[in-house]
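The lines below spell out each chain.
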Amino acid sequence: MAAAARSTDRPGALDITRKLAEICGPAFARFAGPADEVAGRTARWVAVPGGPHAAAEVLRLAAAHDLTVVPRGAGTKIDWGAAPAQVDIMLDTGRLAGIWHEPQASAVAEIGAGTPLRAVQATLERTGRRLPVDAPSPGATLGGVLAADEAGPLRHRHGSPCAQLVGVRYLDADGELVSVGEPGTALLGRAGPPLGGTAPGGAALGGAGLGGAVSGGAGLGGAALGGAALGGAAPSGGELAGAAPGGAALGGAAAVFGAAEVLGLDVARLLCGSQGGLGVLVSATMRVQAVPAGRVWVSRPVWTPLEVHDLVRAVLAARLDPAAVELDLPVPVSLPRRRIPASHPSVANRPDHPAVTGRPGRPAAAGSLVVLLEGGPADVAERVDRLVALLGPEAVINHAAPDWWGRYPFAPGDTALRIEVPINDLHAAVYALRDAAGTPVPVRGSAGIGAVHAALPGSLPPERVASILAAVRGVLLARQGRCVVVSAPAPVRRAVDLWGELPTLPRLRTAKAHLDPHHRLSPGRLPGGL
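First things first, this report covers the structure right here in the doc. (Residues numbered from 1 in each chain as written. Predicted model: local features only at pLDDT ≥ 70, side-chain atom pairs only at ≥ 80, totals over all residues. Heavy atoms only, no water.)

1. So, the overall build of the protein chain
Item 1. From N to C terminus, the protein chain includes 14 helices and 21 strands.
Item 2. For the protein chain, the proportion of its 530 residues judged to be buried stands at 56%.
Item 3. Look at the contacts in the protein chain between residues 6 or more apart in sequence, and 75% of them connect residues 24 or more apart.
Item 4. Carbon and sulfur atoms form 56% of the exposed surface of the protein chain, whose accessible area is close to 20,700 Å². (Helix = DSSP H or I, 4+ residues; strand = E, 2+ residues; numbered from the N terminus. Buried < 20%, exposed > 50% of the residue type's maximum accessible area, 1.4 Å probe, protein only. Contact = heavy atoms within 4.5 Å. Areas by Shrake-Rupley, 256 points an atom, 1.4 Å probe, with all protein chains shown as cover.)

Given below as structure tokens:
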């Protein structure tokens, strides 16, 4: 790093601050404070550019002074993953916010990376539409969701957010603005409106007032490299057909993967799950759909992972077209039992009944399996009837989601795990985790696609966490599954292998070497220390 940038106490640091203020405005450039950190690594400066051109200037300044840059937005996942080797400039994307769409006809929306997801949904809802994206992180922005490839329950039917991507605009490590999109998409292949402004025929969510932003690429979600996922199921290919009309650049992907392969590669999805390590997302063009007229949640208590396995198989085989199939297996809580006198009519002539003897009967339900059905009211009602008949008399119909729906099972300070495995082996993975931990472990997530999260107590020493990971990964290896550490206390994060075996690492290394050869973007955040 340049000597002038090594300390904010030196005259050269003041020069960097002055230049950042010229680019972003005096109110949007400053020395970093204690709260400006990425997985425990504190930044030196914070820059909040007001548009893509200003963001490009920040990156060019960083290149000129050999400084590292880590994107940050709302910071909802800023503690996920590995700590970066160094954070010189934290590029806050909160002012890269806005949404442009054609309310009556467009099936897509171009959205600024710093736009809070809930603001996107509120604006689209005015025209009867939505993004089929329900990332669990409260306050997350679209850029942060894509950087982490963070998916919620709706992933079951619609795929991950990155699977719904049809185009992006992003900045490479040298500050060049790159556009990638599907030919024929009206919003792509031409200059978009200034981010933060009002586009003709569209609604603005714009400007500095939105204050959200990308989660800094802090997620571990699957960076798709030619269809192979890093930590997540790769979406099907072919949804991005390559460069936008008018000669929009394909970035460095053509040089990395070959021009013939680019058309089927989904170049834009290189950024998904890349933790800001391959480019800085400026905007994304996403598919939108009509808000379903009917939504019903059908729940059933469950006791064991094997029971969940059998129920999920039955639900999927019934062709009910569920929008989501979610599982919640909290740590079971023993309920006090009231002993009933042997003379009570309900146990007359049954002296061995558990209520009389005090012996435990069937334990309280360990959790819930919930199926979401969406569509037209009549169609949903018909499918609900079939589902209730399938799940039996314990099924309960609700018109609102349970409290735990779309939430992670872990809390700040826990060691958070993500397990992905073919659905037929999900029960084996949960049993393996329980056996390795020596106790029930809270598990929650999309049982219908075999993607769940689990939580280990943050008090577990690193060597204990490492032994649990080794045992679970050994079981998953034979089942084509993986277990990733999403977030963890600093001692655990430093001591354990966060990702496990990663066959796509050589290809990721190639992409990093081409797109960011000087390792200026989020260095060390990607697997393999990239």
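2. Concerning the sheet that holds strand S1 (residues 29-31)
Item 1. Strand order in the open sheet made by the 4 strands is S1-S4-S6-S5, with mixed pairing throughout. Of all the strands in the sheet, just S1 and strand S5 (69-72) have a single pairing partner and so form its edges. With direction set aside, neighbouring strand axes in the sheet form an average angle of 20°.
Item 2. Pairing geometry for S1 and strand S4 (residues 45-47), over 3 bridges, is antiparallel. Residue pairing in the sheet places Arg 30 in a bridge with Val 46 of S4.
Item 3. Across the face of the sheet, helix H2 (residues 52-64) comes into contact with S4, S5 and strand S6 (89-92) while running at roughly 170° to S6. (Pairing = 2+ DSSP bridges. Axes fitted to C-alpha atoms, helices over the stretch in contact; angles between N-to-C directions.)

3. Brief notes about the nonpolar core
Item 1. Ranked by size, the top nonpolar core spans 49 residues in total, and within it Leu 369, Leu 387, Leu 417, Ile 419, Leu 433 and Leu 456 carry the most contacts.
Item 2. Looking at this core element by element, the count peaks at 6 residues for helix H11 (residues 426-437).
Item 3. Apart from the residues within four sequence positions on either side, Leu 417 is in contact with Leu 433, Val 452, His 453, Ala 454, Leu 456, Leu 469, Cys 483, Val 484, Val 485 and Val 486.
Item 4. Grouped together as the second largest cluster of nonpolar side chains are 34 residues, Leu 142, Val 180, Met 286 and Val 288 included. (Core = buried A, V, L, I, M, F, W, Y, C linked by side-chain atoms within 4.5 Å.)

4. Section: the side chain of Gln 164
Item 1. Along the chain, Gln 164 falls in the loop between helix H5 (155-158) and strand S10 (165-171).
Item 2. Using a relative accessible area of 4% as the deciding quantity, one classes Gln 164 as buried.
Item 3. A distance of 3.2 Å separates the side chain of Gln 164 from the backbone oxygen of Pro 132, its partner in a polar contact.
Item 4. There is a polar contact of 3.3 Å between the side chain of Gln 164 and the backbone oxygen of Gly 159. (Polar contact = N/O pair within 3.5 Å; in protein donor to acceptor, adjacent residues only side chain to side chain.)

5. Quick word on the packing of helix H8 (residues 305-317) against helix H10 (residues 377-391)
Item 1. Remark: H8 packs on H10, axes separated minimally by 11 Å, with the N-to-C direction vectors making an angle of 150°. With respect to each other, H8 and H10 are oriented roughly antiparallel. Seen from above, H8 lies across H10 with right-handed handedness. Contacts between H8 and H10 involve Leu 311, Ala 314 and Val 315 from the first element and Leu 387, Leu 390 and Leu 391 from the second.
Item 2. Across the contact of H8 with H10, the residue classes break down as 6 nonpolar, no polar and no charged. (Parallel < 35°, antiparallel > 145°, perpendicular 65-115°, else oblique. Left-handed = near helix turned anticlockwise from the far one by under 90°. Nonpolar A, V, L, I, M, F, W, Y, C, P; charged D, E, K, R; others polar.)

6. A look at the pairing of S10
Item 1. Where burial is concerned, most of S10 is hidden: 7 out of the 7 residues are buried.
Item 2. When S10 meets strand S12 (residues 280-287), the two strands line up antiparallel, connected through 6 bridges. Directly across from Tyr 170, in S12, lies its bridge partner Leu 281.
Item 3. As paired strands, S10 and strand S11 (residues 177-181) are joined by 5 bridges and run antiparallel to one another. In the strand pairing of S11, Leu 171 is matched with Leu 177.
Item 4. Adjacent in sequence and paired antiparallel, S10 and S11 are bridged by 5 residues, among which Gly 175 carries a positive phi angle near 85°.

7. Looking at the packing of aromatic side chains
Two descriptors summarise a pair of aromatic rings, namely the distance from one centre to the other and the angle between the planes of the rings.
Item 1. A complete count under the given rule lists 5 aromatic pairs for this structure.
Item 2. Seen in terms of ring centroids, Phe 31 and Trp 45 are 6.5 Å apart; in terms of plane orientation they differ by 35°. Their pairing is tilted. Residue Phe 31 is found in strand S1, and its partner Trp 45 is found in strand S4; the two are separated by 14 residues along the sequence.
Item 3. Accessibility expressed as a relative area gives 0% for Trp 45, which makes it buried.
Item 4. Between Trp 404 and Trp 405, the aromatic rings sit 6.1 Å apart at their centres with planes inclined by 45°, giving tilted as the arrangement.
Item 5. Given the relative accessible area of 13%, Trp 404 is considered buried. (Phe/Tyr/Trp six-rings, centres within 6.5 Å; stacked < 30°, edge-to-face > 60°.)

Remember, this is a structural readout, not a statement about activity or role.
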